[in-house]
Amino acid sequence: MVKKRKVSLGKRIGITVLAVVILAGGFAAYDTLSSKSSSSNVLNEPLATDLTTQDLSQVIDEYSSQIAGNVQEGLLSRTASGTAKAGLAKSWSHSKDGLTWTFHLRKGLKWSNGDSLTASDFVYAWQRTVNPKTGSQNVYLYSGIKNADAINSGKNKDLSSLGIKAPSSHTLVITLEHPMPQFENLMATPAFFAQDKKFESKLGKKVGTSAADQVYDGPYKLVGWNGSNKSFKLIPNSNYWNKKAVKNDGVNFQVVTDPIAGLGLYNKKKLDQTTLSTNAQIKKYKNSKNLKIYNESGTSYLEYNQTGKVAGLTNQKIREALNLATDRSTISQEVSEGLDSPASGITPAGLSKTSSGEDFAKAASKSTGYSYNISKAKKLFAQGLREIGLKKLTLTIEASSDSSASKPTLDTLQQTWQELPGLTVKEKFVPFKQRMQDQENHSFEVVLGGWSADYAEPLTFLNMFISGGGNNDGSYTNKTYDKLIASASNKNALSDKARTDNEITAEKLLYKDSAIDPIYWMNAATLTNPKVKGVQYFSSGVWYYYMHAYRVK
């Protein structure tokens, strides 16, 4: 199974992520933005890391997705509140059982180079993404679409059997293997956007490796990106079907990996926003009227290696003791001046609501009791050691070395966990890429990870921990849990109440089994230019839509 993208401990250089890379020339290296553009109707935005690709089958990181989500458009788009609305498809419907979806495209759609955009461009794109030869890491999102898993695994060699057909140039019929409550949300994500076969066929592996090696069907076109440079632009796409709705003259992007430089550029009015990345910055601007706190729909959590290869971690009482010895409030204070929220479950607050309108995380917290109780933790830990026949235990926690949140998190954990009699805690810091590899290979004892939502539904988190799942790095196994997730994903997918009941019970099981240790929910503290209005922010999927934004005088 393809691995879902994971985060170092946050999606952007924000409260919980610090990747300081000083470019040649220090601060001056960033000071290249035109002061003229700051007074025009052009937005000036930072990007926290280099743009990697605009090949829609290969876009996996959040930053490339942010660009793709503005230069392309899917069958569906999103309203300001995040609900689905018409995109390239003017209308859509589904069968009563939720298995067959029909989309009707707008007529006269064109790519930025003038090529006609038809339903067959979606068929080509989806088949290309699930084709194992493409090597897309987005295939996990296709699971549930008819034959997607079988094709990607190589069991089914017939690409045309994928559950997407184009009976006419303006009609798409999509067939699912089971109902997918997140399906409409997925239709607004880059992994499901159309691709121009006529344009791409001559490029091969060069597709999306520069601005010129891609065509666009969204509000903007990407210009000035050669595949590695640090600044580029989005300019209005004259072939976009709704071009009159674009309220600005474009967006300038600058890659700014140094948070000090980012804040400096913002204060010089050369960036319209910057995310605060250090406790000192947050403390200084915490009461600024221009500070916005964005919910990132991400969770920092610990995973325990339960394969049986690590002494003690297959014992539920020991894992529960570790959870009870986790001081979530202190950790969130240490990494973000308290702007991150102590977690009461794996699914973060603000992601989705129950059928009754209550925040899912709040509803689930009534069935979980993650708390800091060192006295109870000591008793359980001693009982657990006796059960496994040990008098002492040594555990190593692994974390990303390129995250500012890692050190204060592990230091606090080490301090509180070592209050448990007989426990020694060691810290291990490795680059993010190695941490990912170690997780995949189960080559860790305890690992500090992060996860951010692909779509606004608890299953984007709960699916991680099914038995044998590709993202279940700790190898947690519970047949009842598996049945709950299967029921939420299949039988109850179209019933909000029944699905929510399944998901809350699943959160309760994770808590009861001490399967994982949720630590905090991620937020981002961002300074924004009050003269820029109309930027739409989303906590899942593509972060920002710019087309409705404008600068006031």
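Conventions we followed
Residues numbered from 1 in each chain as written. Predicted model: local features only at pLDDT ≥ 70, side-chain atom pairs only at ≥ 80, totals over all residues. Heavy atoms only, no water. Helix = DSSP H or I, 4+ residues; strand = E, 2+ residues; numbered from the N terminus. Rg over C-alpha atoms; globule rule 2.2 N^0.38 Å. Buried < 20%, exposed > 50% of the residue type's maximum accessible area, 1.4 Å probe, protein only. Contact = heavy atoms within 4.5 Å. Areas by Shrake-Rupley, 256 points an atom, 1.4 Å probe, with all protein chains shown as cover. Pairing = 2+ DSSP bridges. Axes fitted to C-alpha atoms, helices over the stretch in contact; angles between N-to-C directions. Phe/Tyr/Trp six-rings, centres within 6.5 Å; stacked < 30°, edge-to-face > 60°. Domains from an automatic or database assignment. Buried area = accessible area lost by both parts, 1.4 Å probe. Salt bridge = Lys/Arg side-chain N within 4 Å of Asp/Glu carboxyl O. Polar contact = N/O pair within 3.5 Å; in protein donor to acceptor, adjacent residues only side chain to side chain. Nonpolar A, V, L, I, M, F, W, Y, C, P; charged D, E, K, R; others polar. Parallel < 35°, antiparallel > 145°, perpendicular 65-115°, else oblique. Left-handed = near helix turned anticlockwise from the far one by under 90°.

A few words now on the overall build of the protein chain. From N to C terminus, the protein chain includes 16 helices and 21 strands. The C-alpha radius of gyration of the protein chain comes to 24 Å, within 12% of the 24 Å expected for a compact globule of 553 residues. With the C-alpha coordinates aligned to their principal axes, the bounding extent of the protein chain is approximately 70 × 55 × 45 Å. In the protein chain, which comprises 553 residues, the share counted as buried stands at 58%. Residue pairs in contact within the protein chain that sit at least 24 positions apart in sequence constitute 72% of those at least 6 positions apart. For the protein chain, the exposed surface amounts to about 21,600 Å²; the carbon and sulfur share of it is 51%.

Sheet architecture is open: four strands sit in the order S1-S10-S9-S8, paired in mixed fashion. For this open sheet the edge positions go to strand S1 (43-47) and strand S8 (220-223), each flanked by a neighbour on one side alone. Mean inter-strand twist for the sheet, computed between neighbouring axes without regard to direction, equals 25 degrees. This element, helix H1 (residues 62-71), spans S1, S8, strand S9 (231-236) and strand S10 (251-255) of the sheet and lies at about 130 degrees to S8.

As a further point, take the packing of aromatic side chains. Counting across every chain of the model gives 18 aromatic pairs. Relative to Phe192, the ring of Tyr142 has its centre 4.3 Å away and its plane inclined at 20 degrees; by these criteria the two rings are stacked. With Tyr142 in the loop between helix H2 (119-130) and helix H3 (148-153) and Phe192 in the loop between helix H4 (183-186) and helix H5 (197-200), the pair connects residues that are 50 residues apart, well separated along the chain. Relative accessible area serves as the criterion here: at 1%, Phe192 is assigned to the buried category. Ring centres of Phe253 and Tyr546 lie 5.9 Å apart, and the angle between their planes is 75 degrees; this geometry places the pair in the edge-to-face category. You can see Phe253 sitting in strand S10 and its partner Tyr546 sitting in the loop between strand S20 (544-545) and strand S21 (550-551), a full 293 residues away along the chain. Overall, Tyr546 belongs to the buried group, its relative accessible area being 0%.

Strand order in the open sheet formed by four strands is S4-S5-S7-S6, and the pairing between neighbours is antiparallel. Either end of the sheet is taken by a strand with one partner, and the two such strands are strand S4 (89-94) and strand S6 (164-168). Adjacent strand axes in the sheet meet at a mean angle of 20 degrees, parallel and antiparallel pairs treated alike. Taken together, the five bridges between strand S5 (residues 100-105) and strand S7 (residues 171-175) define a ladder with antiparallel strand orientation. By the bridge assignment, Thr102 is partnered in S7 with Val173. Lying on the sheet, H2 is in contact with S5, S6 and S7; it crosses S6 at an angle near 160 degrees.

For the protein chain, the assigned domains read domain 1 (43-254 + 529-551) and domain 2 (296-522). Of note, the centres of domain 1 and domain 2, computed from C-alpha atoms alone, are 32 Å apart. Here domain 1 and domain 2 share an interface that buries about 1,300 Å² over both sides, 56% of which is from carbon and sulfur atoms. When residues of domain 1 are sorted by the area they lose upon contact with domain 2, Pro181, Ser539 and Ser540 head the list and together hold 35% of the total. Along the contact surface separating domain 1 from domain 2 lie zero salt bridges. Summed over the shared surface of domain 1 and domain 2, the result is three residue pairs in polar contact (both at pLDDT 80 or more). Broken down by class, the residue content of the side of domain 1 that touches domain 2 amounts to seven nonpolar, eight polar and three charged.

Another point: the environment of Ser344. Its place among the elements puts Ser344 in the loop between strand S13 (341-342) and helix H10 (360-365). Each C-alpha atom, one on Ser344 and one on Glu440, is 26 Å from the other, the two residues being 96 residues apart in sequence. Contact partners of Ser344, with chain neighbours within four places excluded, come to Ala361, Ser365, Thr368, Tyr370 and Trp521.

As a packed pair, helix H9 (residues 328-336) and helix H12 (residues 406-417) sit with axes 9 Å apart at the nearest point and diverge in direction by 150 degrees. On the basis of their axis angle, the class for H9 and H12 is roughly antiparallel. Judged by the twist between their axes, the crossing of H9 over H12 is right-handed. Taken together, the residues of H12 that come into contact with H9 (itself represented by Thr330, Ile331, Glu334 and Val335) are Pro408, Thr409, Thr412 and Leu413.

For Ser168, the location among the structural elements is in strand S6. Here the alpha-carbon distance between Ser168 and Ala498, two residues 330 residues apart in the chain, equals 37 Å. Polar side-chain contacts of Ser168 include one of 2.9 Å to the side chain of Thr171.

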